[in-house]
Amino acid sequence: MEDRVLVVGGGTIGLATGFELVRQGTPVTLFERNDAGRGTSWQAAGMLAPDAEIGFEELSLYGLNRESLRRWPDFARRVEAASGMDVDYRDEGTLIVADDRDSAEALRRLFEFQEEQGLDVDWLTGEEAREIEPFLAPRLTAAIFCPSDHQVDNRRFLEATRTAFEAEGGTLHEQTPVEVVQPDPDAPAVVTADGERVEGGQVLVAAGVWSRDLDGLTPEAQPPVRPVKGQMLQLRRKTPFDLQHVVRGPDAYLAPKSDGRIVMGATSEEMGFDTTVTAGGLYDLLEGGWEVVPGIYDLPVDETWAGLRPASRDHAPLLGRTGAPGVCMATGHYRHGILLTPVTAEEMARLLRTGETSTWLEPFSPRRFSGTQSSNVSP
Ligand SMILES: Cc1cc2nc3c(=O)[nH]c(=O)nc-3n(C[C@H](O)[C@H](O)[C@H](O)COP(=O)(O)OP(=O)(O)OC[C@H]3O[C@@H](n4cnc5c(N)ncnc54)[C@H](O)[C@@H]3O)c2cc1C
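About the cut-offs
- Residue positions are given per chain, counting from 1 as you read along its sequence in written order.
- Given that the model is predicted, a residue must reach a pLDDT of at least 70 before its local features are reported, and side-chain atom pairs must reach 80 or more before they are shown or counted; all residues, however, enter totals for whole chains, interfaces and linings.
- Derived side-chain values reflect all non-hydrogen atoms in the structure, with water molecules and hydrogen atoms excluded from consideration.
- Numbering of helices and strands runs from the N terminus, with a helix taken as a DSSP run of H or I at least four residues long and a strand as a DSSP run of E at least two residues long.
- We compute the radius of gyration over the C-alpha atoms and compare it with the globule rule, which gives 2.2 Å times the number of residues raised to the power 0.38.
- We call a residue buried when its accessible area falls under 20% of the maximum for its residue type, exposed when it is over 50%, and partly exposed in between, using a 1.4 Å probe and counting protein chains only.
- Contacts are assigned to residue pairs with any non-hydrogen atoms lying within 4.5 Å of each other.
- Computed by Shrake-Rupley with a 1.4 Å probe, the accessible areas treat only the displayed protein chains as cover when residues are assessed.
- If DSSP finds at least two bridges between two strands, the strands pair.
- For helices, the fitted axis covers only the stretch in contact; all axes are lines through C-alpha atoms, and the angles between them, taken along N-to-C directions, range from 0 to 180 degrees.
- Nine residue types can take part in a nonpolar core, namely buried Ala, Val, Leu, Ile, Met, Phe, Trp, Tyr and Cys, and a core is a set of them joined through side-chain atoms within 4.5 Å.
- For each structure, a 1 Å grid was placed over the protein atoms alone; sets of points admitting a 1.4 Å probe that cannot get out are labelled cavities, open sets with protein on both sides within 12 Å along at least five of seven lines are labelled pockets, and lining residues have an atom within 4 Å of a point.
- Grid points are joined across faces, edges and corners, and a volume is the space filled by probe spheres set on the points.
- Each residue is assigned to one of three groups, with Ala, Val, Leu, Ile, Met, Phe, Trp, Tyr, Cys and Pro labelled nonpolar, Asp, Glu, Lys and Arg labelled charged, and all others, Gly among them, labelled polar.

*Asks:* Help me out: how do you make sense of the overall build of the protein in this one?
*Replies:* The number of helices and strands found in the protein is eight helices and 19 strands. Taking 2.2 N^0.38 as the reference for a compact globule, 379 residues should give roughly 21 Å; the C-alpha atoms of the protein span a radius of gyration of 21 Å, in line with that estimate. The dimensions of the protein, computed from C-alpha atoms along their principal axes, are 65 × 40 × 40 Å. The 379 residues of the protein split such that 56% are buried. In the protein, the proportion of contacts linking residues at least 24 apart, taken out of those at least 6 apart, comes to 73%. A total of about 15300 Å² of accessible surface is found on the protein, and carbon and sulfur atoms cover 47% of it.

Okay, structure coming up:
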């Protein structure tokens, strides 16, 4: 039986899973309709922040996020070694700040919850926060320091992962949209937009927010993902301004990269596939950023964009076998796709290579929405 895996979609998930597979000796052909790495993954901020983003109702997702963060440094080193490129993994930590009484109360509630869950976090006064990040607004009264929440330059990471994938022998077809997936237990196939049919041993759908547009899957096997729009803007650091940590305010976050970019985000809008950058969106981000780090006022703006987060109905990813024979899926990573890259890539590669599902994947079976089988365990 052919053991080649056909991957549809070259974002962080498709590229990283492809890299893991080829590194371990499984042949992979990856189809990307545009340039690899330029979809939602390119639009992200690169925060690896399970502690700051812990949700009161999402504890099983927190466990997966945390596990993925634990794996990030090794994963980054492997990609760097295979590509010869630096991905700018930064471990200074994250500051969550409050800028008025309401947000200070919300911050206190979050801190209490984080402590209850045993997270490694510190409560700081405004003065203590400014000691480690001097450009924070003088009027900020409180902050939570999350030393374990790191970040990466997602754009560099994507370029490195793409290079690493090819360096390890992966086959990449760019400008090659897949139109149809043809399920089959032994020889599933994909059909590209120019009519070529390619057969493999298994198919992995990793087409992000566009995963449900593929023809050939039954309605039960189609992933229930929807786009959630996020507008972003990018500033350029200029002396004497400086920022070392990711700073998260009530209405905007700032993620400083080592090449001088400061990525600011993000709105959260249910606007279908619309990616228009609006005056109102940018205004909200600039105001939210300026309130917590007023020194951004004089910085040049050098890029604005909007991306589409792939959100499932329960906001957790869909990872594992679908109801369609020979077809697996890794999508629906919503706000955490960069963070969740190592655990997704490693566990999906294991499933595709050996047929074994780890306990990490079980709660996130794509079949949990179809009402047929809920587990990743059965074939
Ligand atoms: C504004 C914003 C900020 C974010 N910030 C963060 C953050 O700080 N940290 C974090 O962890 N996550 C963040 N995210 C979320 C993260 O970006 C996503 O969860 C992640 O990028 C999803 O990766 P993906 O590989 O599934 O999708 P994508 O990167 O979109 O990759 C899918 C690829 O499939 C291709 N494709 C689609 N259809 C086809 C087809 N038919 N044939 C061939 N190819 C196809 C697309 O062109 C695309 O390249 C953010 C998202 C947004 C929008």
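*Asks:* Is there a simple way to explain the sheet that holds strand 1 (residues 5–8) in this structure?
*Replies:* Each strand in a sheet pairs with another by means of backbone hydrogen bonds, the pair being arranged parallel or else antiparallel. Spatial strand order, 8-2-1-12-19-18: six strands in an open sheet with mixed pairing. If you trace the sheet from one side to the other, it starts and ends with strand 8 (171–173) and strand 18 (318–321), each paired once. Neighbour-to-neighbour, the strand axes of the sheet open up by a mean angle of 15°, direction not taken into account. One ladder, built from four bridges, connects strand 18 with strand 19 (residues 327–331); its direction is antiparallel.

*Asks:* Help me understand the sheet that holds strand 15 (residues 253–256) in this model?
*Replies:* Sheet architecture is open: eight strands sit in the order 5-6-4-14-15-16-13-17, paired in mixed fashion. The strands lining the two open edges of the sheet, one partner per strand, are strand 5 (122–125) and strand 17 (301–311). Adjacent strand axes in the sheet meet at a mean angle of 25° when their direction is disregarded. Where strand 13 (residues 226–236) and strand 16 (residues 261–265) come together, five bridges link them in antiparallel fashion. When the sheet's bridge partners are listed, Leu 233 is paired in strand 16 with Met 264.

*Asks:* What's the story with the pairing of strand 4 (residues 94–98) in this structure? I'm lost.
*Replies:* The two faces of a sheet get side chains in turn, since along a regular strand they alternate between them. By the criterion of burial, strand 4 is predominantly enclosed, with five of the five residues buried. Of the strand pairs in this sheet, strand 4 and strand 6 (residues 142–146) are connected by five bridges, and their pairing is antiparallel. Along strand 6, the bridge assignment pairs Thr 94 with Cys 146. As judged from the three bridges shared by strand 4 and strand 14 (residues 246–248), these two strands associate in the parallel manner. Its bridge partner lying in strand 14, Leu 95 is registered against Val 247.

*Asks:* Sorry if this is basic, but what is going on with the nonpolar core here?
*Replies:* Note that soluble globular proteins tend to have their nonpolar side chains buried in a common cluster. Counting residues in hydrophobic clusters, the biggest one holds 45 residues, and the most contacted among them are Val 79, Leu 204 and Met 348. Broken down by secondary-structure element, the contributors of at least two residues to this core are strand 1, helix 1 (12–23), strand 2 (28–31), helix 3 (59–83), helix 6 (154–167), strand 19 and helix 8 (341–354). No other element matches the seven residues that helix 3 contributes to this core. Not counting residues up to four positions away in its chain, the partners in contact with Val 79 are Phe 19, Gly 84, Val 87, Phe 157, Ala 160, Thr 161 and Ala 164.

*Asks:* It is not clear to me how empty space enclosed by the protein should be interpreted in this structure. Could you clarify?
*Replies:* If a probe as big as a water molecule is rolled over the atoms, it shows which places are left empty. Throughout the structure, instances matching the rule amount to one cavity of 30 Å³ or more. Of the voids in this model, the largest cavity is the one considered here, and its volume is about 40 Å³. Lining the largest cavity are Pro 50, Glu 53, Ile 54, Gly 55, Glu 58, Leu 61, Tyr 62, Asn 65 and His 336. Here the lining of the largest cavity is built from residues that sort into four nonpolar, three polar and two charged.

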